[in-house]
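Reading the structure
So the chains spell out like this:
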Amino acid sequence: MEEGLISSEDLTRAREEQERSGRSLGRVLIEMGLFTEAGLVAALAKHLGLEFVELADQDVDHVAATMLPDHMARRYCVFPFGFDEQGKLKVAMSDPSNVIALDDIRTVCDKDVQPVVATRGDIMAALDKYGSLGGDSVDDLAGEMMLSDEDDLDGVEAADAIDDAPIVKFVNALISQAVGDRASDIHIEPQETEVRVRYRIDGVLHEITTQSKRIHAGVVSRLKIMADLDIAERRIPQDGRISVKAAGKKIDLRVSTLPTVYGEKVVMRILDKSSILLDLSDLGFTEHNYKIYSESFTKPYGLILVTGPTGSGKSTSLYATLNKISKPEINIVTVEDPVEYRLPGISQVQTNKKAGLTFGAALRSILRQDPDVVLVGEMRDQETAQIGLEAALTGHLVLSTLHTNDAPSAVTRLTEMGVDPFIVASAADCVLAQRLARRLCGKCKEEYRPTVEELHTAGLPVTEDDLDRFPPLHRAVGCTHCGGTGYRGRLAVHEIMRINEDIERLIVTKASTDEIAEAARANGMRTLREDGLSKVLKGHTTLEEIGRVIV
């Protein structure tokens with residue numbers, strides 16, 4: 001319904017629901033689909049004669065952003081982001097009628113306040129991004145850490161320096177800023193004379209800061225202490241785990257150190273538990289692909305394989321599948337290396353090669369634990385593949401991953417491992433291949449007309465005569481909301497091969513991958529490129545991005 005045009009009948013229904021549920025009228029209007037949150041807040045701002053702002057498009061003044069304590073800003077859902085021409089503190093509020101909040105802000109900040117209106121989601125996102133740094137940028141904190149007369153600290157000496165506030169604040173700021181920027185990994189890389197910090201955001205590395213080499217030992221030692229690693233050992237790689245609270249939520253980090261010629265490189269994988277609570281519908285499945293996949297994971301037995309390179313979202317898809325099928329009536333057991341996310345209600349086993357607990361050994365034990373569903377982190381060898389496939393044949397639903405480029409090559413990979421083709425054909429039910437492409441920023445993407453050359457490069461046989469009838473595409477531009485990249489978030493591109501009788505016969509006869517792929521396409525499989533191009537046509541991503549992730 002067009003916002004602002006609400007019938008008296010709708011308003012009556014909304015008020016009745018408000019009285020029945022006790023929720024606010026605004027929340028009821030949003031849930032009934034009569035307003036979007038942004039539309040409702042904009043209408044409220046207009047009614048009160050205040051300005052409505054989208055914080056993602058505002059230039060945030062870091063001084064203003066840190067004038068109010070984070071706990072108070074979150075309690076009142078407010079975000080100070082700048083100053084007006086009279087020097088008043090501009091504060092975005094979701095409820096500008098809260099006079100108590102305005103009085104408290106004036107008292108704490110010792111400033112006159114100019115309220116503006118923003119959505120609650122925008123305010124909380126801004127607090128997550130700016131509120132946790134405590135007013136200190138990464139560069140400012142690095143400057144505080146500089147040692148006046150010494151060139152460097154070795155690992156043991158740096159242990160004494162880690163209680164120094166600038167080092168602690170610098171490391172905390174690195175982690176908080178990474179979480180606020182939606183990074184998946186933090187890279188701390190020593191060079192000959194400097195230390196480079198990069199974040200991987202939406203699958204692409206971005207340089208955040210470059211600092212003097214003199215801060216390197218102190219930062220690495222601080223991280224080693226947090227991860228319970230040996231700070232005196234710098235000759236061999238080490239792995240650990242850190243749990244911190246950043247941006248108002250608990251975050252786990254998997255820490256890996258690696259000795260290089262210029263010192264130890266540290267990479268921290270940010271494990272945000274909210275990513276594993278995704279619903280399968282959030283992963284970008286088309287209706288066609290979701291129907292095929294859901295038919296497989298709702299069966300009581302069979303093997304489902306998810307394939308793709310490292311970082312293609314295989315684990316996220318498997319966890320989302322487990323979330324979908326998990327219920328008290330079934331026993332789900334996983335064996336992983338390592339266990340990155342803890343799943344409630346599911347028994348998880350971590351492999352330990354030194355103790356002899358390999359994938360194969362763990363899987364044999366798991367099958368004596370009366371499981372209904374088994375997740376095997378990866379089918380790395382013939383033993384694991386053989387046991388997993390036999391489990392699928394004996395009444396278990398087995399989910400696992402393989403590193404292959406597409407869905408048809410997964411079944412030939414299993415036979416190449418030494419598994420009997422008849423067992424592969426009988427046990428395998430579905431293969432899901434996927435890639436992750438960056439999603440276009442909804443704030444700044446723009447329409448354009450592609451050229452014939454661009455479409456040919458993407459694999460679309462379009463002629464000059466067809467070009468006028470071809471729908472417009474979208475391209476990345478860049479704005480403050482997406483950090484100037486033109487992209488914000490990622491979406492999955494899928495290829496799902498159902499193992500039917502035709503493909504079973506080909507597997508048993510050891511047919512080539514090309515023959516299996518041809519049969520799969522004849523039976524309705526849409527390739528990764530076809531699925532990617534469908535998402536380009538819908539305006540979700542770009543031709544360049546599909547070309548980057550799909551070779």
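Treat the numbers as computed from the prediction; the structure is a model and nothing was measured. (Residues numbered from 1 in each chain as written. Predicted model: local features only at pLDDT ≥ 70, side-chain atom pairs only at ≥ 80, totals over all residues. Heavy atoms only, no water.)

Our next topic: the overall build of the protein. Within the protein, the regular secondary structure consists of 23 helices and 18 strands. For the protein, the residues scored as buried account for 47% of the 551 residues in total. The contacts of the protein with a sequence gap of at least 6 include a subset with a gap of at least 24, amounting to 63%. (Helix = DSSP H or I, 4+ residues; strand = E, 2+ residues; numbered from the N terminus. Buried < 20%, exposed > 50% of the residue type's maximum accessible area, 1.4 Å probe, protein only. Contact = heavy atoms within 4.5 Å.)

What links the strands of a sheet is backbone hydrogen bonding, and the strands pair in either a parallel or an antiparallel sense. Sheet architecture is open: seven strands sit in the order β12-β11-β13-β14-β10-β15-β18, paired in mixed fashion. Of all the strands in the sheet, the pair left with one neighbour each is β12 (347-350) and β18 (487-498). Neighbouring strand axes in the sheet, compared pairwise and without regard to direction, differ in orientation by 20 degrees on average. Note: strand β13 (residues 373-376) against strand β14 (residues 397-402), four bridges, orientation parallel. Bridging from a neighbouring strand, V373 pairs with L397 of β14. (Pairing = 2+ DSSP bridges. Axes fitted to C-alpha atoms, helices over the stretch in contact; angles between N-to-C directions.)

Side chains that are nonpolar tend, in soluble globular proteins, to be buried together. Counting residues in hydrophobic clusters, the biggest one holds 39 residues, and the most contacted among them are L414 and M497. In terms of residues, this core owes the most to one element, helix α15 (residues 382-393), which gives five residues. Setting aside its immediate chain neighbours within four residues, M497 contacts A407, P408, V411, D429, C430, V431, I503, I516, A520 and M525. Formed by 28 residues, the second largest nonpolar core is a distinct cluster that contains A183, V220, I251 and M268. (Core = buried A, V, L, I, M, F, W, Y, C linked by side-chain atoms within 4.5 Å.)

Here the focus is the packing of aromatic side chains. Scanning all chains against the criterion turns up three aromatic pairs. Ring geometry for F285 and Y293: centres 5.5 Å apart, planes at 10 degrees, overall stacked. Its relative accessible area of 0% is what places Y293 among the buried residues. Among the aromatic residues, ring-to-ring pairing joins F285, Y290, Y293 and F297 into one connected group. Taking the ring centre of Y76 as reference, the NZ or CZ of R75 above it sits at 4.7 Å. Sitting over the ring of Y487, R438 keeps its end group 4.2 Å from the ring centre. (Phe/Tyr/Trp six-rings, centres within 6.5 Å; stacked < 30°, edge-to-face > 60°. Lys NZ or Arg CZ within 6 Å of the ring centre and 35° of its normal.)

Below, the discussion takes up helix α16 (residues 408-416). For α16, every residue scored as buried is listed here: P408, S409, A410, V411, T412 and L414. Positive phi appears at G418, one or two residues downstream of α16, with a value of about 110 degrees.

Let us now look at the UniProt feature "domain: Bacterial type II secretion system protein E" (unreviewed entry) in the protein. Per the UniProt record, the feature "domain: Bacterial type II secretion system protein E" (unreviewed entry) sits at residues 367-381. Structurally, residues 367-381 is divided into 0% helix and 27% strand, and its ends, taken at the C-alpha atoms, are 18 Å apart. (UniProt positions renumbered as here; feature names shortened; annotations may be inferred.)

Here we take up helix α13 (residues 314-325). The first and last C-alpha atoms of α13 sit 17 Å apart over twelve residues, in line with the 16 Å expected at 1.5 Å per residue. Among the residues of α13, those classed as buried are K314, S317, L318, Y319, A320, T321, L322 and I325. (Expected span 1.5 Å × (residues − 1).)

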